[in-house]
Amino acid sequence: MKLFFATDVHGSEICWKKFINSAKFYEVDTIILGGDMTGKAIIPIIAQGNGKYKVTLLEQESILEGRDAVDKMVATIQNRGYYPYVTTPEEVHELSTIPGRSDALFSQQLLTTIQRWMDYADSRLAGTGIRCYVCPGNDDVIEIDPVIASSKLVRTVEGSVIELDEHHEMVSSGWTNPTPWDTPREESDDALLARLEKVIAMAKDPSSSVFNFHAPPYGSGLDDAPELTKDMRPAYAGRSLVPVGSRSVMAMIEKYSPLLGLHGHIHEGKGTRKYKKTLCINPGSMYEQGILHGAVVELLPRKIGNYVLTTG
């Protein structure tokens, strides 16, 4: 069997659509999305009167004239992984002054987007026989899980073991070791180790399995990220890289020697690494540019066949 794996789309509409359509393009029968599906911020498009709107995207302020310009900006914002919201100066004031209003709006926009993504997947995958698995990551709130579960053709696989074919199972978890941002699905490496051991125990043969773990193994090179200063800025203009992956993920790879490790989390960590017979892959992420990084992997009985990193 052949699979396509991508990860860290972070709310990018175009990356999600590319992922859903990847099976036909790469001629695979199974598509897998690693963690971090959701976006990080709302971008308000604020009415100014006389058919004009103001928007600030990536520190660049623009004045839009007419609904066509607004609709075009909405698509641009969505493709970059943010949530556009057409509003008024009065509502912007309420959102910034009334406690809880902005958080409620963000949650609403996030869940609405995930529902739209599920509807798109169901319409595109219907009748194709293509299997689609997703595993939310550390940046993804728990509230998206039931929305994904409501999909007819997208299956969420967090904390579970699924059979890919008669020779291979996939063991999945999107939880990670701690980050500086205190994200929804992170925990100490000791707690993560217990979590991973629990799900691996459900596999019949871990050594023939795929470990779909969002966190890359510590020190693998797939986990190299820019070193940060105390105020969370890249040190040395981002030229200094440090390993930030999970020691528990590394321990599980060393202990069970699965055929394949599918990882993400660290966008800069694109590449592959071999540990004995285990091939570990982090396809990386360039979601803000609307580019979907991925990997096509052929699984043969008890070994990996051909594989290639993709950009599209």
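Here is a short report on the structure shown in this document. Computed from a prediction, not measured in an experiment: that's the story for all the values here. (Residues numbered from 1 in each chain as written. Predicted model: local features only at pLDDT ≥ 70, side-chain atom pairs only at ≥ 80, totals over all residues. Heavy atoms only, no water.)

## Examining a nonpolar patch on the surface
Thinking step 1. Judged by side-chain polarity, W181, L228 and M232 come together as a nonpolar surface patch covering roughly 310 Å² of accessible area.
Thinking step 2. Assignment of secondary structure puts W181 in the loop between β10 (169-173) and α7 (189-200).
Thinking step 3. In this structure W181 comes out as exposed when scored by relative accessible area, which is 57%. (Patch = residues over 30% accessible without salt bridge, like charges linked within 9 Å, V, L, I, M, F, W, Y side chains within 5 Å. Areas by Shrake-Rupley, 256 points an atom, 1.4 Å probe, with all protein chains shown as cover. Salt bridge = Lys/Arg side-chain N within 4 Å of Asp/Glu carboxyl O. Helix = DSSP H or I, 4+ residues; strand = E, 2+ residues; numbered from the N terminus. Buried < 20%, exposed > 50% of the residue type's maximum accessible area, 1.4 Å probe, protein only.)

## Structural notes on the packing of α7 against helix α8 (residues 247-256)
The packing of two helices is summarised by the inter-axis angle and the distance between the axes.
Thinking step 1. For the pair α7 and α8, interaxial distance at closest approach is 8 Å and the crossing angle is 35°. The two elements α7 and α8 cross, and the hand of that crossing is right-handed. Here D189, L192, L193, L196, E197 and I200 of α7 come into contact with α8, specifically with R247, S248, V249, A251, M252, K255 and Y256.
Thinking step 2. Residues that form the contact of α7 with α8 fall into these classes: eight nonpolar, one polar and four charged. (Axes fitted to C-alpha atoms, helices over the stretch in contact; angles between N-to-C directions. Left-handed = near helix turned anticlockwise from the far one by under 90°. Contact = heavy atoms within 4.5 Å. Nonpolar A, V, L, I, M, F, W, Y, C, P; charged D, E, K, R; others polar.)

## A few points about unusual backbone geometry
Thinking step 1. Positive phi is not limited to glycine here, since D8 has a value of about 55°.
Thinking step 2. With respect to the helices and strands, the residue D8 is situated in the loop between β1 (2-6) and α1 (13-20).

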